[in-house]
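# Structural overview for review
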Amino acid sequence: MAIDRIIEHEKRTGWGSLTETGLRMESFPMRLFRKGNKKFWNPEDIDFTQDAIDFAAMSEDEQRMTLILASQFMAGEESVTQDLQPFCAAMAAEGRLADEAYLTQFIFEEAKHMQGFRMWFNAIGQTADLHNHVEYSNAYDTVFKQELPKSLFALMNDPTPANQVRASVTYNHVVEGTLALTGYFAWARVCASRDILPGMQRLIKLIGDDERRHMAWGTFTSRRHVAADDKNWDVVDERMQELLPPALQLIVALFDQFEQEGKETPFGISIDEMSDYALDKVNRRMESIESARGQDVYAIDEDYSPMEMEDRFGEEDQAKIHEALVGASA
């Protein structure tokens with residue numbers, strides 16, 4: 001007779017990997033874990049020599065824009081490295097071994113992203129304090145100093161499905177999906193259109209590939225909770241409505257400081273293009289989450305569509321970046 005084994009945090013009577021079903025290699029989080037293992041990369045393998053030359057050749061405003069973008073990304077990666085850990089504990093408390101395994105990889109990748117940006121700054125000779133490049137924006141503080149840690153660390157004492165949804169929307173769908181991936185896409189297009197910063201182009205591509213797996217997990221996590229309890233869809237929608245305004249304001253603030261000085265935005269970056277890109281991806285991910293309403297929660301656990309959607313987004317982005325590179329070489 002089979003014996004029920006408990007693997008939840010502080011209740012262990014056995015080990016999930018030793019059970020008949022093992023780690024369920026075809027479950028969504030294990031497929032992400034396996035995919036990440038195949039895509040390992042090391043920041044120290046990236047050559048930033050040409051980046052230092054390209055940065056030195058930029059105008060003062062172009063350098064300022066570049067430092068702002070890179071500083072915001074690096075601080076964001078550090079924030080998530082620290083703040084995501086309670087989600088891992090929440091998965092342990094729920095006995096979701098595959099999700100816990102994937103989140104260990106997730107956190108490791110965020111730390112690696114932080115390392116990559118720091119190496120880039122060092123390579124271009126920017127070793128002074130960089131806080132002024134993020135502290136000009138109240139919206140940045142709202143998102144990264146207040147809402148992100150508050151929602152993630154709420155899971156330490158109360159890892160309920162509703163709190164997991166709030167944490168996932170805050171991190172995966174606002175910090176990562178609305179801000180980070182939008183910024184990475186815009187910056188990659190800028191670098192490609194000028195054919196500059198080849199090391200940063202490589203770093204952004206590798207980080208973006210990791211982040212799409214992270215986004216897919218966030219969409220999956222919200223989907224399984226919405227499928228389990230329809231009330232969680234309201235939690236998703238309400239949290240997004242709360243955080244989308246400061247997230248978009250953070251994007252606007254980047255442009256405002258140049259506009260207030262009566263200057264054109266460096267590199268020709270368009271606020272409309274960035275905002276449209278962010279909202280398009282938010283809407284498509286929200287549609288994916290909403291489609292889980294009324295579905296079988298067990299079927300959700302092996303539904304690979306969140307990753308397929310992110311792969312499509314990546315293909316769309318790469319096509320536009322390729323167009324920019326072709327235009328630069330024409």
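Residues numbered from 1 in each chain as written. Predicted model: local features only at pLDDT ≥ 70, side-chain atom pairs only at ≥ 80, totals over all residues. Heavy atoms only, no water.

### Some details on the overall build of the protein
When helices and strands are counted, the protein shows 12 helices and 0 strands. Here the protein has a C-alpha radius of gyration of 20 Å; the compact-globule value for 330 residues is 20 Å, and the two agree. Overall, the protein is about 75 × 40 × 35 Å in size when its C-alpha atoms are taken along their principal axes. The proportion of buried residues among the 330 residues of the protein is 53%. Contacts in the protein between residues far apart in sequence, at least 24 positions, make up 83% of those at least 6 positions apart. (Helix = DSSP H or I, 4+ residues; strand = E, 2+ residues; numbered from the N terminus. Rg over C-alpha atoms; globule rule 2.2 N^0.38 Å. Buried < 20%, exposed > 50% of the residue type's maximum accessible area, 1.4 Å probe, protein only. Contact = heavy atoms within 4.5 Å.)

### Structural notes on unusual backbone geometry
The phi torsion at aspartate 195 lies on the positive side, around 55°, for a residue other than glycine. Topologically, aspartate 195 is positioned in the loop between α7 (161-194) and α8 (198-228). The exposure class of aspartate 195 is exposed, given its relative accessible area of 54%. Phi is positive for phenylalanine 267, close to 70°, though the residue is something other than glycine. With respect to the helices, strands and loops of the structure, phenylalanine 267 is situated in the loop between α9 (231-259) and α10 (271-290). With relative accessibility at 17%, the residue phenylalanine 267 sits in the buried group.

### Some remarks on the confidence of the model for the protein
For the protein, mean pLDDT is 89; residues scoring 70 or higher make up 95% of the total. The secondary-structure element of the protein with the lowest mean pLDDT is helix α12 (residues 305-329), recorded at 83, while helix α2 (residues 49-57) shows the highest, at 97. (pLDDT = per-residue confidence, 0-100.)

### Some thoughts on the packing of aromatic side chains
Evaluation of the coordinates by the stated rule reveals 16 aromatic pairs. With 6.2 Å between their ring centres and 85° between their planes, tryptophan 120 and tryptophan 187 make a pair best called edge-to-face. Of this pair, tryptophan 120 sits in helix α5 (residues 97-123) while tryptophan 187 is found in helix α7, placing the two residues 67 residues apart along the sequence. A single burial state applies to tryptophan 120 and to tryptophan 187, both of which are buried. (Phe/Tyr/Trp six-rings, centres within 6.5 Å; stacked < 30°, edge-to-face > 60°.)

### Side note on the side chain of threonine 170
Mapped onto the secondary structure, threonine 170 falls in helix α7. Threonine 170 gets classed as buried once you look at its relative accessible area, which sits at 1%. Side-chain polar atoms of threonine 170 contact the side chain of serine 151, separated by 3.4 Å. Not counting residues within four places of it along the chain, the set of residues in contact with threonine 170 comprises Glu147, Leu148, Ser151, Val175, Arg239 and Leu243. (Polar contact = N/O pair within 3.5 Å; in protein donor to acceptor, adjacent residues only side chain to side chain.)

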